[in-house]
Amino acid sequence: MSLFDSLIAGLSLVASFEAFFALFAGICIGVVGGAIPGLSATMAVALTLPFTFSLQPITGILLLLGVYKGGIFGGSIPAILIKTPGTPASSATILDGFPLAEKGEAGRALGMALWASCTADLISNLALILFAGWLASFALSFGPPEFFALILFSLTIIAGVSGESLLRGALSAMLGLLLATVGLDLVYGTNRFTFGDPNMMGGLNFIAVLIGLFAIPEIIAMAWNPTAHLGKARALGKTKVTFADYKRSFKSIVRGSLIGVFLGSIPGIGAAPSAFLSYSEARRKSPNKENFGKGEIEGVAASEAGNNGVAGATLIPLLALGVPGDVITAIIIGAFMIHGLQPGPMMFVLNVDIIYGLFIGLIVSSVFLFIVGSVAIKGFKFVADVPKRILMPAVLVLCIYGVFAVNNNIFDVGVMFVMGWVGYVMMRHHVPAAPFLIAFILGPLLEDNFRQAMLMSGSDPMILLRGPITWFFWALTVITIVAIIRGIARKAPAT
Amino acid sequence: MKKTTLTATILLGAAFGATAALAEYPERAINMVIPYGAGGATDISARTIAEPLGDAVGQPLIMANVTGAGGATGSVAVQNAKADGYTMLFARVGSHSVNPAMKATLPYTLDDFRFVTVYEINPVACAVTPASGINSMDDLVAKVNEGGVSYSSSGVGSLLHLAGAMVLKEFGVEDPLTAATHIPQKGGGAAATAVLNGTATFLCTNSSALASFVANGQLKPLMVTTPEPVVGFDAPTANDLGKEKLNKLVGWTGIAGPDDLPDDVAAKWGEWMATATQDAKFNETMSARGSVIELMNPVDANAFIQGQFEIFRDLVDELGMRIEG
Amino acid sequence: MSPQVIQTRLGIGACIAAAFLIFVGIPGWVSSPSNVQNIVLAPTFWPYVLSAMTGLIGLGLILAGRRTGGAASDEEVVETDGLGWPRLVALALIMALTMYALPRLGMVWTTMLVFAATAFLFRTRHRVTALICAVLIPLALYAFFAHVAGVGIPQGNFVRLP
């Protein structure tokens with residue numbers, strides 16, 4: 001079948017009211033679900049899954065994809081408005097989105113988040129359609145040694161989000177790495193810092209840590225000084241993002257999207273590291289570096305491009321290899337299988353109509369996302385006008401519900417509270433929270449892949465340099481570290 | 001009429017607490033704990049049965065994923081719950097026969113649960129990549145004896161971990177723990193990927209987890225552990241190869257409550273499951289995923305799980321696989 | 001607090017934490033089986049590496065704290081009313097009580113109390129609004145999570161909601 005025939009076949013499959021309605025409804029569900037901290041894109045997809053059982057395969061899958069894409073964008077809404085990421089992927093958006101909201105520019109930040117998300121979504125979908133086969137075979141050449149090198153490189157983004165002091169950023173990262181060791185050991189299954197508590201054996205819940213680290217310290221700070229915010233313009237202020245903003249950030253958006261496509265096509269990394277990497281790259285390249293972290297619109301654009309760039313690309317390993325890239329795509333694979341579809345190379349031969357149907361649906365989804373997102377921003381913006389001393393208790397209550405809902409476990413609420421105090425102490429000592437979070441995400445990946453590589457080679461460290469991909473990332477790591485050290489050396493005489 | 005009784009029971013229940021309420025079990029929604037993450041085999045199986053089961057129960061079933069520690073976190077949540085039949089667990093081969101057999105420090109034992117049913121059996125299959133040049137179990141064993149063979153699993157103490165060792169042992173590998181390297185991954189998807197990208201040589205896991213890879217020609221099945229062949233798997237059965245003992249190596253999903261679950265509650269679950277598993281759509285969906293629907297009553301379920309547990313425990317003792325500390 | 005004090009304090013804190021982990025924490029709370037073939041594969045290897053690096057960073061912070069001049073930036077204004085500490089303690093107490101009450105009272109009733117208590121702790125100017133919100137927001141969240149999202153929100157031993 002030629003490409004044209006495939007396209008027609010796909011079009012005939014999706015060209016129905018139900019298919020587009022499912023996609024649209026999915027995006028609506030996703031945006032709302034993503035906007036509620038704790039509910040997150042993952043939960044929203046899991047909750048929608050049973051509804052797809054009775055739908056046509058293509059309709060059901062488009063519904064789920066809609067939820068996924070909507071959820072990833074929706075997460076940025078609470079990240080900007082109340083410093084609580086609705087989805088782990090939007091934690092990088094906090095770094096500049098929340099300061100913008102504090103400055104009274106929530107509308108501008110939200111608008112930029114939407115524009116960047118839609119642009120990245122489109123780029124990511126195009127990458128999926130054009131390069132799926134090629135990127136998939138590339139993804140399969142990533143074994144533990146390659147992952148180890150890639151993640152080691154990714155850890156250098158800590159320098160990009162450390163703010164004024166690299167040492168304090170490194171300290172924060174170390175705490176994150178240490179905390180991530182809690183739980184059962186990967187290779188031997190023994191207890192590490194669990195104190196015999198079955199709740200600790202699974203490790204600390206990521207979302208509980210995340211919300212505890214970002215949202216709760218704001219509430220504690222409010223108890224320290226309830227009137228600190230008075231006199232600050234927290235209202236919506238200039239509500240619109242301008243085309244000039246978009247144009248200025250366009251490079252960062254494209255760069256972020258490509259980072260997202262790259263990391264998304266490799267199974268097992270996910271959207272949060274991609275958003276941080278994109279953010280740190282944008283900061284490194286920007287002429288007004290100093291403004292990052294204090295409310296720089298380009299930071300919001302880069303983060304959102306980074307995480308939405310992943311959304312389309314995670315479908316590459318899913319469709320081309322049948323391998324889920326993260327939890328959400330694992331659920332989507334489940335939906336494929338329930339309908340008797342088996343994602344993988346053969347699907348491009350046997351069910352090519354469905355593949356092209358999905359492609360068409362995905363392209364449309366970027367447009368739908370823009371429409372739904374614009375409405376959602378209007379709907380949620382009122383949050384910025386709520387008096388802060390009413391808003392904060394509401395955030396606290398919302399976080400309790402949300403964190404409980406993630407894993408149906410009250411223990412996680414306790415983790416959130418404790419992490420809140422840790423975050424508050426860190427805030428008081430000017431220790432940045434972002435490196436902690438990045439380390440908490442990447443730490444277990446780094447350790448696991450290191451140990452898997454050691455198991456593969458019988459503890460021969462040379463396996464960590466086994467091929468061009470590893471050399472490439474090692475070289476990048478070295479270059480980045482040298483650049484960081486030079487940056488410090490240049491700054492030192494000045495102070 | 002029915003509605004008034006219901007309202008009356010709710011009011012009574014609120015007034016007299018849980019004991020009075022038990023008389024009319026179930027008079028409110030039942031919490032069903034799934035100890036594994038969304039999208040996994042247990043989760044999909046649980047959510048598929050939930051629909052017909054909810055109709056049979058006549059009350060909503062609230063599905064709650066409580067994940068962590070290979071199913072231990074969710075299992076403990078049910079172990080510690082009130083035995084009033086309003087908190088039940090979807091028990092799985094990993095959490096309730098492999099884990100208790102392998103982990104000395106597990107915070108629960110099989111005796112802490114009362115199984116009311118096992119409703120699904122998943123055949124286990126072993127697979128390699130076509131590129132590996134391994135075409136049969138004999139090839140694999142020969143390779144193992146040469147050295148350098150590894151197998152992936154979804155984690156320490158998972159079915160996949162034990163299955164890899166058990167299969168090699170049955171095929172005459174003296175000390176499978178040192179002859180082949182176990183490379184644990186995080187989750188079943190990652191385990192399959194590890195074989196695909198050459199990190200590990202083979203894996204043994206539920207056929208449903210492998211079905212799409214086999215259909216796509218990405219993985220090559222070497223054998224299945226059931227006496228009957230599995231649809232879509234062009235591989236000999238364990239019985240064809242003369243290893244009947246491997247028939248016990250199957251995955252299953254069941255439902256359990258805390259150990260002091262009252263008899264009448266257990267009996268009710270037996271009835272409900274009998275109704276629910278008749279559902280045509282449920283059967284169709286599950287078979288499409290390669291599961292065999294096999295309903296066991298509470299007594300059979302307990303015997304089945306205990307039997308599998310003992311075989312696994314003996315193997316763990318023999319190979320010294322127990323995880324202490 | 002001047003940057004110097006902060007750096008030094010953090011440095012000392014990091015060093016103490018590292019020493020504690022290396023000498024007490026890891027030997028005590030990380031169990032490692034006896035049959036580990038290689039040191040790099042041991043469950044304790046990674047925690048040891050991390051602790052050591054934390055210690056090094058701590059030393060670095062102490063050194064950096066000594067090098068940077070003292071009164072660089074004192075942007076932190078001391079709190080306005082001197083009641084900061086009592087309020088922090090009160091908030092910590094509220095959180096501890098929340099953890100106690102969640103399984104017993106149920107999430108809805110507990111969060112109502114939490115909302116009211118924190119709103120008054122923050123001395124809100126809109127008292128009536130706060131009280132109304134304290135009742136309505138937990139109810140709305142319950143309705144959403146329990147009936148739309150199908151989450152089993154803990155109900156507690158006393159009054160159950162439908």
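Values in this document were obtained by computation on a predicted structure and should not be read as measured data.

**Q** Hey, could you run me through the overall build of chain B in this one?
**A** Summing up its helical and strand segments, chain B has 13 helices and 11 strands in all. Scaling as 2.2 N^0.38, a compact globule of 325 residues should have a C-alpha radius of gyration of about 20 Å, and chain B matches this with 21 Å. Expressed as lengths along the three principal axes of its C-alpha atoms, the size of chain B is roughly 70 × 45 × 30 Å. A burial count over chain B gives 58% of its 325 residues as buried.

**Q** Looking at this structure, how should I read the interface of chain A and chain C?
**A** When the parts of a complex come together, some accessible area is lost, and that lost area is often taken as the interface size. Listed by partner, the interface residues are 51 residues for chain A and 55 residues for chain C. When contributions to the side of chain A that touches chain C are tallied by element, the ones reaching two or more residues are helix 10 (166-179), strand 2 (191-192), helix 12 (206-224), helix 20 (388-407), helix 21 (410-428) and helix 22 (434-457) of chain A. A total of 12 residues in the side of chain A that touches chain C trace back to one element, the largest contributor, which is helix 20 of chain A. For the side of chain A that touches chain C, a count of residues per class yields 34 nonpolar, 11 polar and six charged.

**Q** Please explain the domain arrangement of chain B as it appears in this structure.
**A** All names here are of chain B. Taken domain by domain, chain B comprises domain 1 (29-122 + 250-319) and domain 2 (124-248). Domain 1 and domain 2 are separated by 25 Å when their C-alpha centres are compared. At the interface, 20 residues of domain 1 touch 21 residues of domain 2. Of all the secondary structure elements, the ones that give two or more residues to the side of domain 1 that touches domain 2 are helix 5 (93-102) and helix 13 (298-319). Considered class by class, the residues forming the side of domain 1 that touches domain 2 number nine nonpolar, nine polar and two charged.

**Q** Which parts of the structure should I look at to understand the sheet that holds strand 10 (residues 251-258) of chain B?
**A** Two orientations exist for strands paired in a sheet by backbone hydrogen bonds: parallel and antiparallel. Residues and elements named next belong to chain B. Taken in spatial order, the six strands of this open sheet run 2-1-3-10-4-11, and their pairing is mixed. Edge positions in the open sheet fall to strand 2 (61-65) and strand 11 (292-296), since each of these has one partner strand only. Each strand axis lies, on average, 25° off the axis of its neighbour in the sheet, ignoring direction. In terms of strand pairing, strand 4 (residues 113-122) meets strand 10 through eight bridges, oriented antiparallel. When the bridges of strand 10 are listed, arginine 114 appears paired with glycine 257.

**Q** How should the nonpolar core be read in this particular structure?
**A** Membership of the largest hydrophobic core comes to 343 residues, with the highest contact counts inside it found for Val45(A), Ile80(A), Ile438(A), Met32(B), Ala125(B) and Ala127(B). Here the element with the most residues in this core is helix 7 (residues 106-140) of chain A; it accounts for 18 residues. Contact partners of Ala127(B), with chain neighbours within four places excluded, come to Val195(B), Phe202(B), Leu203(B), Leu210(B), Val214(B), Leu219(B), Lys220(B), Pro221(B) and Leu222(B).

**Q** Just to check I follow, could you spell out the interface of chain A and chain B for this structure?
**A** Every contact between the two is made by 47 residues of chain A and, on the other side, 43 residues of chain B. Listed by contribution, the elements that provide at least two residues to the side of chain A that touches chain B are helix 3 (40-52), helix 11 (198-201), helix 17 (327-338) and helix 22 of chain A. Among the elements that line the side of chain A that touches chain B, the one with the most residues is helix 17 of chain A, at six residues.

**Q** So what exactly am I meant to see when it comes to the packing of helix 3 (residues 41-57) of chain B against helix 12 (residues 280-288) of chain B here?
**A** Helix-helix packing: each pair is described by the crossing angle between the helix axes and the interaxial distance. Residue and element names in this part refer to chain B. Packing of helix 3 against helix 12 leaves a shortest axis separation of 9 Å and a crossing angle of 170°. Relative to helix 12, the element helix 3 lies roughly antiparallel. Across the interface between the two elements, Thr48, Ile49 and Pro52 of helix 3 pack against Phe282, Thr285 and Met286 of helix 12. For the contact of helix 3 with helix 12, the residue count by class is four nonpolar, two polar and no charged.

**Q** So what exactly am I meant to see when it comes to unusual backbone geometry here?
**A** Residues and elements named next belong to chain A. Phi angles above zero are rare outside glycine, and histidine 430 is one such case at about 55°. Relative to the assigned elements, histidine 430 resides in the loop between helix 21 and helix 22. Exposure remark for histidine 430: the 17 C-beta atoms within 10 Å place this residue in the partly exposed category. The backbone of serine 459 sits at a positive phi, close to 65°, despite the residue not being glycine.

The rules behind each value
By convention here, each chain's residues receive numbers from 1 onward along its written sequence. Labels are handed out in written order, letters beginning with A for the chains and numbers beginning with 1 for the ligands. Owing to the predicted nature of the model, reporting of local features is limited to residues with pLDDT of at least 70; listing and counting of side-chain atom pairs is limited to 80 or more, with chain, interface and lining totals taken over all residues. Only DSSP runs of H or I reaching four residues or more are called helices, and only runs of E reaching two or more are called strands; each is numbered from the N terminus. Computation of the radius of gyration draws on C-alpha atoms alone. For the globule rule, the value is 2.2 Å times the number of residues to the power 0.38. Partly exposed residues are those whose C-beta has more than 12 but fewer than 20 other C-beta atoms within 10 Å; 20 or more makes a residue buried and 12 or fewer makes it exposed, with C-beta atoms placed from the backbone. We call two residues in contact whenever the C-beta atoms placed from their backbones are within 7 Å. The classification used treats Ala, Val, Leu, Ile, Met, Phe, Trp, Tyr, Cys and Pro as nonpolar, Asp, Glu, Lys and Arg as charged, and all other residues, Gly among them, as polar. Those domain boundaries reflect an automatic or database domain assignment. Only strands joined by at least two bridges in the DSSP assignment are considered to pair. Fitting a line to C-alpha atoms yields each axis, with helices limited to the stretch in contact; the angle taken between N-to-C directions then spans 0 to 180 degrees. As used here, a nonpolar core is made of buried Ala, Val, Leu, Ile, Met, Phe, Trp, Tyr and Cys residues. They are joined through C-beta atoms within 7 Å. Relative orientations are named as follows: roughly parallel for angles under 35 degrees, roughly antiparallel for angles over 145 degrees, roughly perpendicular for angles from 65 to 115 degrees, and oblique for any other angle.

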